[in-house]
Structure formats: structure tokens, C-alpha cells
Amino acid sequence: MASKTFKFGLFTLQPDRGELSRRGIPIKLQDQTLQTLCYLVERPNQIVSREELRAHLWPDTYVDFDLALNTAVRKLRQALSDSAENPRFIETLPKRGYRFIAPVDEISPESAQPPAVIPIVEQPVAELLTEDQLVMEPPPADRRWKWVVAGLLAVSLLGTAIWAAIPRAPRSAPIPRLDSVAVLPFVNEDHEPSIEYLGDGLAESLIGSLSELRSLRVMASGTTASFKGRDPRAAGRELKVAAIIQGRIYQRAGMLVVDADLVNATNGEEVWRGRYRRRVEDALDLEEEIAAEVTRKLRESLTEGTVSAAQLAGSGRTTRNKVAYSDYLQGLFEMRQLSSAAENQAMGHFEQAIALDPNYVPAYIGLADTYEILYDWVLSPADTVPKARSAIQKALDLDPTLSEAHMLMGTVHFWYDYDQAAAEKEFRRAIELNSNLDDAHDYYGWFLATQKRFDQSFAEHHRAIELSPFDLQHHLTLAQSLYYARRYDEASEELQAALRQNPGAWWGHELLGWVYEQKGDLRQSIAELKRSVELEGKIPEPLASLGRVYAIAGDREAALRIQRQLNETAKRSYVSPWAMAILDAGLGEDERAIAEIGSAYEKHSWLVNFLGVDPKLDRLRSDPRLERILRQAGLP
């Protein structure tokens, strides 16, 4: 085996020495378990089949291979504190194999030593906390309190902060201009499940606060998520920002400890560091204090027009209720899992945050965003959009200048109301309020594609990518708009590049299947659509697309089987009429397809907005019934 050293998360793997360590502490693994890890780590982001593992690691055939491999993977997850349901390292792909999904860095042996841990002075609690902080709040009349204290409340990070700045060598030169910054998700050093959500949540809150600085370009969370735990200089180069904010969260002697660093991404120099220590029961608002301290440093290099730290802390977009903040962060974490079960949990957390603090604007935005994710893919428009609209309107009532709320209201007008003028007004207002809101440019580009204003559409998509270059959604929506413009080669190139970086993106495989269909490569189209179905499995649309291409390719029986399957599914759960229409059109059942499109319009399916540009419906679009729907929906 080649003499290499790999670093991922807190772990160092040296295959030639047969050693795995966590921050320098060896972890003992049996030989086959270690060899399994080595094989996966040397092929990051690649699907490794069970058959491939068997051929390389278990060359002798024997009946207990499945048991041996399952045992090895289970032991690896235990060693890495990983989870099969929410993996950070080893992803299981049912019926296909495994994939190592964490970022892997190959490092030289001399740099493979674990980083030094700055010691914490263990002072008595009474010397660390004020008298007010030592007083326990009476528990609310809420059965969730015990759970919050044990887990969520440990990491709410709300209130007055106690921090100790670590001494640094004085600088002889002024701080260089730091006009752009990326906030990386904070690393959960102890892999403690009860605080796992905080790493992303704290970064998200910090991004929101720093975005108030008009002279500062702040990378969106969709771009920074994949850089968690990475070297700040390497992250800065790839993200093209001047500064990186990173942090670590861990527990010591029953206390929660948060380290935060502002690093010059050009030379790796530490501009500022703060250490924060709290009792678990008194977790208070650190995010505002970290933002204020970072702002003080950034203000030295920013141009005029920067808001003050006091203005930042008083922006009115935070809560003083520590349990509400916990629920909000937990909701964000669940929302990003992109599964129907997780989305339902996210809604519960956002609703609880609102119940605890009815004026907490971000919770309304999170709730509306979650409803819109489920809209028409998992739940019916009638079950989601009215609730989303109510949450957005409440956010706007509380803060009329909130760009995210205007953007989401634009999607409601666009997707549900078919009010194209109102949608464009809201999208433009969102961009006017915050020209760096990447999602607003992305949604506006999508909208413009439905209006056949493709040059403007591509400009908005490219602006979103410029602001958040590693956000997968921006690349996929650009590819979809290229597809609607019949620029199939460009769409294919965009999708293939995106899938090389994110091979598990089911929507990307579906879009690529659409592109191959239009290019006449039905074999490749079927392969991509099958992959999309394997990756997603619950959303009906990819399956309907697969059935459509089976029909076009001449396998009518396979298409009819999928049609029957979707009809049975529709008896138990929501299936968008639009998906059925696409399949019916492929089967040549034109009357049924037109009827389904009419039903989709009546039910306010957001996909109806693509009726005027979707090449899959070119043959039917001249039908008077569809022309009438186009007029009623305000589509060209």
C-alpha cells in the first residue's frame, strides 16, 4: 500500500503503518476493518460497490462475506462516531455500496501531527460567572425543558457573553483590506450528537449578522458548508475571499467551550481569536458578541458605510429567548437534511420557536422556507403554501426591509398565485434590499426563464453563482434554464460538472436525464433517471420522468408499470398531476396528459410555470386548452 497520510475531520489515517488516530490518540481497529476504511478513504466521493470491496479485501469466497463487511462498516462508524442515518463520513447507498463523503486531505508525514490544544484554565465556576448568571431560571411549564437542558440548551449561545481574548503578538503593519469573508460551520470537536446542529447553526447566525455590513461581501452558507474543518488558506483560495471565520465547539469539565478565529485567508495570519466558556444551564447569546468582536476588526479595513457593532446587535432580527434560539438552530439543521421526515421535524422546531417568541423573524423565514421545500414534491400546494404565505407576511409585518422575506413572497406569487408581475416586483425588491442575496438572484433567474427572457435569466443565475460558487442549487437551476432555452450541450456540461462535485444530487441526475432525452440519447437518459430514483426514492417526479423515457424508448410495459405504481401511490399520498402529465405525454395519452395539466393548474402546482418552455410538452402546447392555461397563468 502506498506510503500516504490522510486527514479527515479530527482523524488521521496512515495506511502504510496501519494506524488511525483522533487528535493523536490511536484508535485500535481489526485488520479487515482498517483495510475497509483505507480503501474508502483513498477513493473519496466515489461509489465503492460491495463486490469491489469483496474482490480487493475478501478475495476468497465464503458465505459470511456480507456479515463480515457489515460488521466492519458498523465498527468503523463506532470508531468515527458516525451515523448511518445522518452520515458525516461513510454513506450507505442501498443495493450499490458505500461512499466516503467527508473532505479528505492528503498530507505530508511531518504535518500529520495533531494540532496543539490550547489549555483551558480550570477556574471555579463562581469566578467565571457573574452572580446573575449563577441564578437558575425557573423551568417553564414545558415538557421539553429537561431535554433542552440536556442537549439543545447546552448550545443555544444566547445572552451576555464571557470571553477571554487569547494574547497575540503585536502587529507592525495595519490590517490589510478584508472586504470579503466566509464563515465556515463550526466543528463539533467531541462529535457529541446533542450539539451537532450547533456548528451549522452558529455559522448561519453569524452569516446573517455580518450580512448587515454593507461594505462586506459575505459568502452564503450553501457555499461554505462543504469547507467545514478545512485549512483557512485553502478555503480562502477556493472561495475567493479575504478572510475566514472558523470555530470549534467542545465540552470540558461540564462546561461548553467555543473557540472562534478570524483568519487572513491570504497568509493564514490570525487577525482575532476569542474563547467563550459557559455553564450548560446558562448557555447565552455568543453569536452577537462574536459578530461584534469580528466587526471591530473588520471595520479597520472596510470602507465607509459600515454599520456599527451596536447597530448590528440591535438589528431586531434576534431573540432573547434561549430556548427559541435553540429551536431555531435545530430547525435549520433538520431543514438541510432534505428528507420529508427531517422537514417535518424542522417545522416543529420553527413553530415552537415562534410560540416562545412571536416576534422572532428568522423563525418565520425558516418555517416558510421549509414549507416551500415540501411544496408539490411531497405535500400538496393547499397544505403548504397558505401556511408559508402567512409566515412570510408575519415576517414582513415585523421587518418590512427583510430581503429574504421579499424573496420568499416572490416565490409564492410566482409558484402558487401565477401572478407574474407581483413575483417580479418582490424579487427585484429583495435584490434592491440586499444585492448580495444569492438565492434572490437564483429565483429571479428561474422566473425570467419561464418568461423566455433567457439572457436576463442567465445573468441572474451567474450572479448567484458568483456570490455563492459552491452552492449546488445555483448550478442546477442554471442548467435547467439552459435546458428550457434548448441549449442542451451547455446544460449537459453544467450538470456533469456539478455532479462530479456532488454525485449524490438526485435532482442533478434527473435534469441530466431530461437533457439526454432531448439529445436523443435514450440509453443515457434512462441511466441518469434510474440513478435519480435510486438516490431519492420518495419524490414521484423522477419516477414519472423515467416512465416517460421508457415509453419513448419503446418499453411501454415498463412505462405502464410505473404509471400503475404512481396511481397506487396517489391513493395514499400526494402525487403532483404535473408529474403524471409528463408520463402520460410520453405514453402518447394526450387527452389524459392535458387533463392532468389542467388539474395541476387548478391545484396551483408550481411546475405549471414551465408550461411555456418545457420541451417535453412541445407537441401539446398548441392545444387550445393549454393555450388558455398559459394566458391565465400570465406565461408567454
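Being a predicted model, the structure only gives us computed values, none of them experimental.

Our focus in this paragraph is the pattern of salt bridges. Per the counting criterion, the structure on display carries 24 salt bridges. Here Glu 91 ties to Arg 99 by a salt bridge, and the two come within 2.9 Å at their closest N and O atoms. Close ionic contact of Arg 248 with Asp 261 constitutes a salt bridge, the shortest N to O distance being 4.0 Å. Taken together, the positions of Arg 248 in strand β13 (residues 243–252) and Asp 261 in strand β14 (residues 255–264) put the pair 13 residues apart, joining distant regions of the chain.

We now examine unusual backbone geometry. Even without being glycine, Lys 240 reaches a positive phi, approximately 60°. Secondary-structure assignment places Lys 240 in the loop between α9 (232–239) and β13. Unlike most non-glycine residues, His 604 shows phi in positive territory, near 65°. Mapped onto the elements, His 604 comes out in the loop between α27 (590–602) and α28 (624–632).

Taking strand neighbours across the sheet as the criterion, the 3 strands line up as β5-β7-β6 in an open arrangement whose pairing is antiparallel. Because the sheet does not close on itself, it has two edges, and the strands there are β5 (48–49) and β6 (90–93).

Below, the discussion takes up empty space enclosed by the protein. Throughout the structure, instances matching the rule amount to 3 cavities of 30 Å³ or more. Each pocket or cavity is described by its volume, and for the largest cavity that value is around 110 Å³. The wall of the largest cavity is formed by 16 residues, among which Trp 514, Glu 541, Trp 578, Leu 607 and Lys 616 lie closest to the centre. Of all elements in the fold, only α20 (472–484), α22 (506–519), α24 (540–552) and α26 (577–586) reach the threshold of two or more residues within the lining of the largest cavity.

Another point: the packing of aromatic side chains. Scanning the model with the defined rule gives 25 aromatic pairs in all. Measuring from centroid to centroid gives 5.0 Å for Phe 8 and Phe 100, while their planes differ by 80°, and the two rings are edge-to-face. Of this pair, Phe 8 sits in strand β1 (residues 5–8) while Phe 100 sits in strand β7 (residues 97–100), placing them 92 residues apart in sequence. Owing to a relative accessible area of 0%, Phe 8 belongs among the buried residues under this scheme. Residue classification places Phe 100 among the buried positions, given a relative accessible area of 0%. Above the ring of Tyr 39, the side-chain terminus of Arg 43 is found at 3.5 Å from the ring centroid.

This paragraph deals with α26. Buried residues dominate α26, accounting for 10 of its 10 residues. Regarding α26, the residues found buried are Pro 577, Trp 578, Ala 579, Met 580, Ala 581, Ile 582, Leu 583, Asp 584, Ala 585 and Gly 586. Elements in contact with the buried residues of α26: α24, α25 (556–572) and α27. Gly 588 occupies a position one or two residues after α26 and carries a positive phi of about 80°.

Rules of the game
Residues numbered from 1 in each chain as written. Predicted model: local features only at pLDDT ≥ 70, side-chain atom pairs only at ≥ 80, totals over all residues. Heavy atoms only, no water. Salt bridge = Lys/Arg side-chain N within 4 Å of Asp/Glu carboxyl O. Helix = DSSP H or I, 4+ residues; strand = E, 2+ residues; numbered from the N terminus. Pairing = 2+ DSSP bridges. 1 Å grid on protein atoms, 1.4 Å probe; cavity = no way out; pocket = protein on both sides within 12 Å on 5 of 7 lines; lining within 4 Å. Points joined across faces, edges and corners; volume = space filled by probe spheres on them. Phe/Tyr/Trp six-rings, centres within 6.5 Å; stacked < 30°, edge-to-face > 60°. Buried < 20%, exposed > 50% of the residue type's maximum accessible area, 1.4 Å probe, protein only. Lys NZ or Arg CZ within 6 Å of the ring centre and 35° of its normal. Contact = heavy atoms within 4.5 Å.

Function cannot be read off these values alone, since they describe shape.
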